[in-house]
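Each chain, written out:
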Amino acid sequence: MIGEVTGIRKIRMLYLQLLYRCNFACLHCFHGERLQYADAFTADEAISLLALMRDQYATQAVTLLGGEPFVHRELPQVVRHAKEELGQRVEICTNGYRIERRLAEIAPHLDLLRVSLEGVGSTNDGIRRLGSYQSALNALSLAQDLGVAAGATMTVTSRNIGEVVSLARILAQLGVKQLKLHHLRPVGNAADHPELLVTDLAAYGRLREELHSVKLPLEVIVDEDLSEHGTPEVCAPSGGPHEIDRIEADPRGALTMSCKAVGKDSHAFWYEKTSGCIVHRPSATDELTVSVPDVVYARV
């Protein structure tokens, strides 16, 4: 269905939000009130979507996220099947809170553990949850012991923009190879916390200069819209590509792609869980999170 409407024939990665539910209520979370929603994929539904994407769009990798994927009871089943039966590269994006037992269980089938952090120590805990910083470091340390590659993400806010380099150095000591920096958008919980927004846009330029000037022992990838010029224009609905990097499925089955790739159809596709099919709903107007390119700004 996606191919017929958009011309896209290959999608490299599926970002699969298994559920909305989370054991955190971070101040900046874009899900907002959806964190309380019960929508979720069962293991069978998730596996069926993974198989469909592999067979129809040559999808090679899956990133499992939420909500918090480690609170999903059937996470090990999804991870094992994706890796062993479907041959997918499997990544998980997590808050890293008390996941040690389940991480050890799925480690043989996991290619990358990516943990979200929002600064060093109390800065992170003030945005996420008391004790979450140390718990995240513990998870990253265990990943190193288990032989699982580790990465991290950070949403840049007014509170943590000055801690990017110091956090990167701490993460590198734990074997983390990559830190992704994301732009904060005033949606979900962040809409209720405008104090987190970076209002001095020149601060993004200073951050980039700092990343250029220091030698960090890991790769840092920066959202293109972390710029004093704001979010770049990304919508180009005509003549889109035949191959794209990712598609994202939310817990209801709504599918989202960058509007740069598919224009007005960027959020007009749904995975019907009962029938196991993707359908086109051109009148869909659900909230869209537009994907913008990442730029590598620092690496060894």
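What comes next is a walk through the structure. (Residues numbered from 1 in each chain as written. Predicted model: local features only at pLDDT ≥ 70, side-chain atom pairs only at ≥ 80, totals over all residues. Heavy atoms only, no water.)

Let's talk about the packing of helix α2 (residues 43-57) against helix α3 (residues 75-85)
- Two elements in contact, α2 and α3, have axes separated by 9 Å at closest approach and are oriented at 25 degrees. If you check the angle between α2 and α3, you find them roughly parallel. Note that α2 runs across α3; the crossing there is right-handed. From α2, A43, D44, A46, I47, L50 and R54 reach across to α3, where they touch Q77, V78, H81, A82 and E85.
- Residues of the contact of α2 with α3, tallied by class, amount to 6 nonpolar, 2 polar and 3 charged. (Axes fitted to C-alpha atoms, helices over the stretch in contact; angles between N-to-C directions. Helix = DSSP H or I, 4+ residues; strand = E, 2+ residues; numbered from the N terminus. Parallel < 35°, antiparallel > 145°, perpendicular 65-115°, else oblique. Left-handed = near helix turned anticlockwise from the far one by under 90°. Contact = heavy atoms within 4.5 Å. Nonpolar A, V, L, I, M, F, W, Y, C, P; charged D, E, K, R; others polar.)

Looking at the environment of R185
- Turning to its location among the elements, R185 is positioned in the loop between β6 (178-183) and α8 (202-213).
- You can call R185 partly exposed: its relative accessible area is 25%.
- At a separation of 2.4 Å, a polar atom in the side chain of R185 contacts the side chain of D225. (Buried < 20%, exposed > 50% of the residue type's maximum accessible area, 1.4 Å probe, protein only. Polar contact = N/O pair within 3.5 Å; in protein donor to acceptor, adjacent residues only side chain to side chain.)

So, helix α6 (residues 132-146)
- Its 15 residues give α6 an end-to-end C-alpha distance of 21 Å, which sits within 8% of 21 Å, the value for a rise of 1.5 Å per residue.
- On its buried face, α6 is in contact with α4 (100-106), β4 (112-116), α5 (122-127), β5 (149-156) and α7 (164-173).
- G147 occupies a position one or two residues after α6 and carries a positive phi of about 80 degrees. (Expected span 1.5 Å × (residues − 1).)

Observations concerning the nonpolar core
- Core analysis: the biggest nonpolar cluster contains 74 residues, and I2, L16, L64, L113 and L181 have the highest contact counts within it.
- Element by element, the count of residues in this core is highest for α2, at 8 residues.
- Filtering out sequence-adjacent residues up to four positions away, L181 remains in contact with M154, V156, V164, L207, L211, V220, I221, V222, D223 and L226. (Core = buried A, V, L, I, M, F, W, Y, C linked by side-chain atoms within 4.5 Å.)

Points about the pattern of salt bridges
- On inspection of all chains with the given rule, the structure shows 12 salt bridges.
- Across the pair R54 and D55 runs a salt bridge, and its minimum N-O distance is 3.0 Å.
- Look at D55 and you get exposed, because its relative accessible area is 55%. (Salt bridge = Lys/Arg side-chain N within 4 Å of Asp/Glu carboxyl O.)

Description of α7
- Burial in α7 covers these residues: V164, V165, L167, A168 and L171. Down the axis of α7, the buried set is contained in an arc of 160 degrees. They therefore lie on one face.
- Buried-residue contacts for α7 involve α6, β5, β6 and α8.
- At the exit of α7 stands G175, carrying a positive phi of roughly 90 degrees. (Arc of directions from axis to C-beta.)

Remarks on the pairing of β4
- The element β4 is extensively covered by neighbouring structure, given that 5 of its 5 residues are classed as buried.
- Of the two faces of β4, the one lined by L112, R114 and S116 and the one lined by L113 and V115 are each fully buried.
- Pairing between strand β3 (residues 89-94) and β4: 4 bridges, direction parallel. When the sheet's bridge partners are listed, T94 is paired in β4 with V115.
- Note that the unit made of β3, α4 and β4 has a crossover that is right-handed. (Pairing = 2+ DSSP bridges. Right-handed = clockwise from strand over helix to strand, strands pointing away.)

Thoughts on the environment of T42
- Topologically, T42 is positioned in the loop between β1 (10-17) and α2.
- Separated by 209 residues in sequence, T42 and P251 place their C-alpha atoms 9.7 Å apart.

Some remarks on the packing of aromatic side chains
- Counted according to the given criterion, the structure contains 3 aromatic pairs.
- The interplanar angle of 90 degrees and the centroid separation of 5.9 Å between the aromatic rings of Y20 and Y37 together place this pair among those described as edge-to-face. Separated by 17 residues along the polypeptide, Y20 in the loop between β1 and α2 and Y37 in the loop between β1 and α2 bring together distant segments of the chain.
- Given a relative accessible area of 0%, Y20 falls into the buried group.
- Aromatic side chains F41 and Y271 sit 6.4 Å apart centroid to centroid with 20 degrees between the ring planes, which places their arrangement in the stacked category. Within this pair, whereas F41 is found in the loop between β1 and α2, its partner Y271 is found in strand β10 (residues 269-272), the two being separated by 230 residues in sequence.
- Of the residues examined, Y271 reaches a relative accessible area of 2% and is grouped as buried.
- One cation-aromatic arrangement involves K273 over F41; the distance from NZ or CZ to the ring centre is 4.4 Å.
- Positioned above the aromatic ring of W270 is the side chain of R281, whose terminal nitrogen or guanidinium carbon lies 4.6 Å from the ring centre. (Phe/Tyr/Trp six-rings, centres within 6.5 Å; stacked < 30°, edge-to-face > 60°. Lys NZ or Arg CZ within 6 Å of the ring centre and 35° of its normal.)

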